[in-house]
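Structural features, examined
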Amino acid sequence: MGKTAIFIFTLINRILKGEIKGDLSCLILCHTRELAYQISKEFSRFSKGLSNMNICLLIGGDPEKNQIKELKEKPSPNVIIGCPGRILSLIKKNVLNLNNIQAFVIDECDKMLNALGK
């Protein structure tokens with residue numbers, strides 16, 4: 001959990017300092033939904049009590065309509081944590097726009113790249 005905590009704390013710090021601003025400004029991409037869920041829980045734990053942290057988990061296995069609703073709610077999330085399949089699905093449906101992404105993390109990048117080669 002050490003590496004995960006480092007990038008979570010870094011993102012939280014940059015958001016609090018105003019270096020990262022706006023809706024849908026951080027994207028954390030994970031190779032499995034279990035990892036995405038774990039990171040979402042840790043991000044929520046570390047940012048507890050911070051009113052300007054709004055996290056949205058976008059993974060398969062959960063109803064897409066609920067995630068679409070969450071993306072459209074105000075305030076919109078500033079941190080998206082998800083898996084490539086669901087992220088691509090929502091982009092193709094014009095529900096998710098990543099034009100404002102200012103911070104992008106690929107967690108366990110080596111495993112995600114290995115999965116592409118299979």
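A few points on the structure. (Residues numbered from 1 in each chain as written. Predicted model: local features only at pLDDT ≥ 70, side-chain atom pairs only at ≥ 80, totals over all residues. Heavy atoms only, no water.)

**Digging into the overall build of the protein**
- Along its length, the protein carries five helices and four strands.
- Taking 118 residues into account, the globule formula puts the C-alpha radius of gyration at 13 Å, and the protein, at 14 Å, falls close to it.
- Expressed as lengths along the three principal axes of its C-alpha atoms, the size of the protein is roughly 40 × 30 × 25 Å.
- For the protein, the proportion of its 118 residues judged to be buried stands at 41%.
- For the protein, the share of sequence-separated contacts (at least 6 apart) that also reach a separation of at least 24 residues comes to 72%.
- Each charge class in the protein can be summarised by its mean position, and for the 17 positive and 11 negative side chains these summaries are 3 Å apart. (Helix = DSSP H or I, 4+ residues; strand = E, 2+ residues; numbered from the N terminus. Rg over C-alpha atoms; globule rule 2.2 N^0.38 Å. Buried < 20%, exposed > 50% of the residue type's maximum accessible area, 1.4 Å probe, protein only. Contact = heavy atoms within 4.5 Å. Lys, Arg positive; Asp, Glu negative; His and termini not counted. Charge placed at Lys NZ, Arg CZ, Asp CG, Glu CD.)

**What about the sheet that holds strand β2 (residues 55-58)?**
- In space, the four strands of this open sheet follow the order β2-β3-β1-β4, with parallel pairing throughout. Across the chains shown, the open sheet's two edge strands, defined by having one partner strand only, are β2 and β4 (103-106). The average undirected angle you get between the axes of adjacent strands in this sheet is 15°.
- Those strands touched by helix α3 (residues 64-72) are β2 and β3 (79-82), and its axis lies near 155° from that of β2. (Pairing = 2+ DSSP bridges. Axes fitted to C-alpha atoms, helices over the stretch in contact; angles between N-to-C directions.)

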